[in-house]
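Listed below are the residues making up each chain.
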Amino acid sequence: MKKIVLVLVTLLVSLWADTLWLDETKKKKCCEAKLGVLPLKELSVKSGTLQENEKLKDLNGSVLYIRDMDGKIEEHNLSGSKITVTPQYKGNYHLFLKHQEVVDGVLNVQLSTYRFYNKEGNLSCSWTKEVRGKTSDSRYLSEPLPQLPFQLMMEKTIHNHHVNCCLYVGDIIPLKVYYKGELLKDVSVDVELESGWKNIIKSNNEGMMMVEIPKSTYEQEKGDKKRSEKLLVSATYDVNESGVYDGKSYTSAHYVMSIPLSFGDTPLEYESKTLAFATVIGVMLVFSLGLYYNRRRKRKTPKEIYFDEE
Amino acid sequence: MTKNKFSLRRAVNNMNLVRFRFWFQIVAFALIVYGGYIGLDLGDKLPTFACVFNSEGTGGKCYVGELQHDLKHPLEGFVGFAGYAFLISLGMFAVWFWVLNKGWCGFVCPLGTMQDWLTMAREKTKIRYSEYSWANRGKIKSIKYILLILLLLLPVMIANSVFGLPKLPNGLSMPFCDICPGRMMIPAFTGDFNQFYIDFSSKTDIVMTTIGMIMTGLFLVGSFIKKRFFCYFCPMAALQYVFSKPALLKLYKDGSKCTKCGDCYRACDMDILEIADDVTSKNLVTEDCTLCLKCVAACPEDGCLEANFMGATIFESTKEGFLVRMAMDQNKENHAH
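Residues numbered from 1 in each chain as written. Chains lettered and ligands numbered in written order. Predicted model: local features only at pLDDT ≥ 70, side-chain atom pairs only at ≥ 80, totals over all residues. Heavy atoms only, no water.

**Let's talk about the overall build of chain A**
Thought 1: On a plain count of helices and strands, chain A comes out with 3 helices and 20 strands.
Thought 2: When each of the 310 residues of chain A is scored for burial, the buried share is 45%.
Thought 3: Looking at chain A alone, contacts between residues at least 24 apart form 65% of all its contacts between residues at least 6 apart.
Thought 4: Summed over all atoms, the accessible surface of chain A reaches about 17,200 Å², with 53% contributed by carbon and sulfur. (Helix = DSSP H or I, 4+ residues; strand = E, 2+ residues; numbered from the N terminus. Buried < 20%, exposed > 50% of the residue type's maximum accessible area, 1.4 Å probe, protein only. Contact = heavy atoms within 4.5 Å. Areas by Shrake-Rupley, 256 points an atom, 1.4 Å probe, with all protein chains shown as cover.)

Here is the structure:
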């Protein structure tokens, strides 16, 4: 038992240590882009945990796949230390980073995905989309990207508050892991928060992992509408497969994929549903009673006149 | 061929409009409220309350939400992408609207359909309906224009200082959506009651979300006792009326054939007096008209009222149609007894 725990802990530490993730360097405000200037997104690649990490300075050999809301995939070979993306259209973009190398006969494949919503497009090529007013492109992918052999996929979150656009404390994130297009059923994901909280979530019989974003116990963080914290989920998979990559042969492969996310404090901290229902019902009662008495008063008036005349 | 064409027109003119409209509204309601589940996406510039807060099910999105969102930008942003996107959106809204004119309200609007269902429920329970008094009607009509001005002005004042006034808090970014009963009622039809909440995070949010709940309560009771209760206040109706003149679908009246019997006025859910009184105007689509065509169905004069699409008559009043519908109503009453 001790051995298993030791192996798990060692594995966990080693896995967190080699997790790569994409991070947006500077979030621009809406409507900053001028006519004729393409909207620009700058990202960097970080290695390590959310608390202790370093920015990768050389991205040579890494590949970036950009999937737009129409499912069109672009492939870019990376170099330098930062990633620059110029999205053409308004809508959801999914980025996938792939970095692989052979070390000691093991093929290490490090993957990461990042989604952003582009608020402004290039008008000269996106005006037809603006006319169309496409609204149903999803934040969630329906199927794994064919270019990635291993993929951690996030599905629509489960929540019980009124905001649909973002992630909040208490939301449940369903995750699935795919290897070469096949759903893996006996897997787990590592979950890590910027504040240091960590956990391992195992899959159920159908291969689904449900990650509930934990509630902060820090008093100063409660009820702050603008508070934002990072969350990193990652999955690993080891498989015996042999081959040659970049002139080096390998006998096994180690896959790791991460999804960096941001979340805020739950709106349920500062909203009341009970009071809302009570208000609706109260207004209905008061309005109905008001009408009832008003009608009764109006109906009685002619009768009184009639009896007066008699 | 000529005989067939004549028969089709006669069949249309003699149709049971109440039943046709009932089923048309059900189909439109299903597409607007549940269309998203089957991948329907009519865009985000619809001139009807296809609620954006019904995130999963909506088959399109209401333009009023988009309009408020677009206006929240700093004015300098309007010389860039935001400005062009705003013009494109407004243009698309107008194009959508011109197809059906106010028929969007009478046949498509899910909030209007809900009101009609509540009216039907009242009729079943035999509870007497209410009317706005003539003294208050003018004031009530102006509310929708006040709401329209506010929903246009408040988002602009969030990102810009208008007339030197301080900028408004972000909680007013979608002021009409905050108070629109559709935000609560439409998602509720998909089982999502999460829009029923009062937000205590700021004074603005407390006020706006509380007004939203009050409006929902008023909507439910008001629509039960007054036909199309909310349509009198609807800022979408005011916005639509601005674009109404060039629309393709029109309600025409031939004043020379009108006997001022008042049947059209009595049939009108919106109590529009002009429909009976005005014998000089040709186009009778007024600010409150929902183009439900009940007036056409109720008119006993041949060709006095007609629904006209791009110059072609699609439904007109006829003596025969009037008598057929009278007989239908009589049969219905006999069955009820």
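**Considerations on the overall build of chain B**
Thought 1: Across its full length, chain B carries 15 helices and 4 strands.
Thought 2: In terms of overall size, chain B behaves like a compact globule, its C-alpha atoms giving a radius of gyration of 21 Å where 337 residues would be expected to give roughly 20 Å.
Thought 3: Every one of the 337 residues in chain B was classed for burial, and the buried ones make up 56%.
Thought 4: Working note: accessible area of chain B is about 15,200 Å², and carbon and sulfur atoms make up 67% of it.
Thought 5: Averaging the locations of the 35 positively and 29 negatively charged side chains of chain B gives two centres separated by 4 Å. (Rg over C-alpha atoms; globule rule 2.2 N^0.38 Å. Lys, Arg positive; Asp, Glu negative; His and termini not counted. Charge placed at Lys NZ, Arg CZ, Asp CG, Glu CD.)

**What to know about the interface of chain B and chain A**
Thought 1: With 44 residues of chain B at the interface, the matching set in chain A holds 40 residues.
Thought 2: Counting each side, the surface lost to burial between chain B and chain A is near 3,700 Å², with a carbon and sulfur contribution of 64%.
Thought 3: Our enumeration of links across chain B and chain A arrives at 1 salt bridge.
Thought 4: With a closest N to O distance of 3.7 Å, E56(B) and K156(A) form a salt bridge.
Thought 5: Taken together, the connections running from chain B to chain A amount to 10 residue pairs in polar contact (both at pLDDT 80 or more).
Thought 6: Counting only elements with at least two residues in the side of chain B that touches chain A, the list comes to α4 (81–100), β1 (198–199) and α10 (203–225) of chain B.
Thought 7: For the side of chain B that touches chain A, the element with the highest residue contribution is α10(B), accounting for 10 residues. (Buried area = accessible area lost by both parts, 1.4 Å probe. Salt bridge = Lys/Arg side-chain N within 4 Å of Asp/Glu carboxyl O. Polar contact = N/O pair within 3.5 Å; in protein donor to acceptor, adjacent residues only side chain to side chain.)

**Section: a positive patch on the surface**
All names here are of chain B.
Thought 1: Where like charges cluster on the molecular surface, the positive patch consists of R19, K124, K126 and K332.
Thought 2: Here R19 lies in helix α2 (residues 17–34).
Thought 3: With relative accessibility at 54%, the residue R19 sits in the exposed group. (Patch = residues over 30% accessible without salt bridge, like charges linked within 9 Å, V, L, I, M, F, W, Y side chains within 5 Å.)

**Observations regarding the layout of surface pockets**
Residue and element names in this part refer to chain B.
Thought 1: Each pocket or cavity is described by its volume, and for the second largest pocket that value is around 1,800 Å³.
Thought 2: Elements with a contribution of two residues or more to the lining of the second largest pocket: α2, α6 (110–125), α12 (263–267), α14 (294–298) and α15 (319–336).
Thought 3: Here the element with the most residues in the lining of the second largest pocket is α15; it accounts for 9 residues.
Thought 4: When the residues that make up the lining of the second largest pocket are grouped by side-chain class, the tally is 15 nonpolar, 5 polar and 19 charged.
Thought 5: Each of domain 1 (18–240) and domain 2 (248–336) accounts for three or more of the residues forming the lining of the second largest pocket. (1 Å grid on protein atoms, 1.4 Å probe; cavity = no way out; pocket = protein on both sides within 12 Å on 5 of 7 lines; lining within 4 Å. Points joined across faces, edges and corners; volume = space filled by probe spheres on them. Nonpolar A, V, L, I, M, F, W, Y, C, P; charged D, E, K, R; others polar. Domains from an automatic or database assignment.)

**Focus on helix α3 (residues 63–71) of chain B**
Residues spaced three or four apart along an α-helix face the same direction, because each turn holds 3.6 residues.
All names here are of chain B.
Thought 1: Here α3 lies mainly inside the structure; 8 of its 9 residues are buried.
Thought 2: Restricting attention to buried positions, one finds in α3 the residues Y63, V64, G65, E66, L67, Q68, D70 and L71.
Thought 3: Contact partners of the buried residues in α3: α4, α7 (134–159), α8 (175–179) and α11 (235–242).

**Digging into the packing of α3(B) against α4(B)**
Residues and elements named next belong to chain B.
Thought 1: Across the interface, α3 lies against α4 with an axial gap of 10 Å and an inter-helix angle of 160°. Considering the angle they form, α3 stands roughly antiparallel to α4. Two packed elements cross with a definite hand, and for α3 against α4 that hand is left-handed. Together, Y63, E66, L67, D70 and L71 of α3 and A85, F86, S89, L90 and F93 of α4 make up the contact between the two elements.
Thought 2: The residue inventory of the contact of α3 with α4, partitioned by class, reads 7 nonpolar, 1 polar and 2 charged. (Axes fitted to C-alpha atoms, helices over the stretch in contact; angles between N-to-C directions. Parallel < 35°, antiparallel > 145°, perpendicular 65-115°, else oblique. Left-handed = near helix turned anticlockwise from the far one by under 90°.)

**Some points on the packing of aromatic side chains**
Thought 1: Evaluation of the coordinates by the stated rule reveals 28 aromatic pairs over all chains.
Thought 2: Their ring planes at 75° and their centres at 5.1 Å tell us that F29(B) and F189(B) sit as a pair that is edge-to-face. On the criterion of sequence distance, the pair formed by F29(B) in helix α2 and F189(B) in the loop between α9 (181–188) and β1 is long-range, its members being 160 residues apart.
Thought 3: Under the relative-accessibility criterion, F189(B) is labelled partly exposed at 33%.
Thought 4: Ring geometry for F193(B) versus F196(B): centroids 6.2 Å apart, planes at 35°, classification tilted.
Thought 5: On the basis of relative accessible area, F196(B) is assigned to the buried category, the value being 6%.
Thought 6: Ring pairing ties together the aromatic residues F287(A), Y132(B), F229(B), Y232(B) and F233(B), which thus form one cluster.
Thought 7: Above the plane of the ring of W134(B) lies R137(B), whose end atom (NZ or CZ) is 3.8 Å from the centre.
Thought 8: A cation over an aromatic ring shows up here: R183(B) above the ring of F53(B), its NZ or CZ 5.9 Å from the ring centre. (Phe/Tyr/Trp six-rings, centres within 6.5 Å; stacked < 30°, edge-to-face > 60°. Lys NZ or Arg CZ within 6 Å of the ring centre and 35° of its normal.)

**Brief notes about the nonpolar core**
Thought 1: One finds F49(B), F230(B), L251(B) and L293(B) to be the most contacted residues of the largest nonpolar core, which totals 89 residues.
Thought 2: For this core, the element with the most residues is α7(B), which contributes 8 residues.
Thought 3: Taken together, domain 1 (18–240) and domain 2 (248–336) of chain B each give at least three residues to this core, which thus spans both.
Thought 4: When near neighbours in sequence (up to four residues on either side) are disregarded, L251(B) contacts I275(B), K282(B), N283(B), L284(B), V285(B), C289(B), L291(B), L293(B), C295(B), V296(B) and E306(B).
Thought 5: Membership of the second largest hydrophobic core comes to 42 residues, among which are L148(A), L167(A), Y250(A) and F263(A). (Core = buried A, V, L, I, M, F, W, Y, C linked by side-chain atoms within 4.5 Å.)

**With respect to the sheet that holds strand β2 (residues 249–253) of chain B**
Residues and elements named next belong to chain B.
Thought 1: Spatial ordering of the open sheet is given by β2-β3-β4, a layout of 3 strands whose pairing is antiparallel. This sheet does not close on itself; its edge strands, each paired only once, are β2 and β4 (312–316). The sheet shows a mean angle of 35° between the axes of neighbouring strands, direction not considered. (Pairing = 2+ DSSP bridges.)

**A closer look at helix α2 (residues 123–132) of chain A**
Residue and element names in this part refer to chain A.
Thought 1: Taken together, the buried positions of α2 are L123, S126 and E130. In an axial view of α2, the angular spread of the buried residues amounts to 80°, which keeps them on one side of the axis.
Thought 2: With its phi angle positive at about 65°, G133 sits one or two positions after the end of α2. (Arc of directions from axis to C-beta.)

**Some details on the domain arrangement of chain B**
Residues and elements named next belong to chain B.
Thought 1: Partitioning chain B into structural domains gives domain 1 (18–240) and domain 2 (248–336).
Thought 2: Look at where the C-alpha atoms of domain 1 and domain 2 centre, and you get two points 28 Å apart.
Thought 3: At the interface, 23 residues of domain 1 touch 18 residues of domain 2.
Thought 4: Across the interface of domain 1 and domain 2, roughly 1,800 Å² is buried in total on both sides, 50% from carbon and sulfur atoms.

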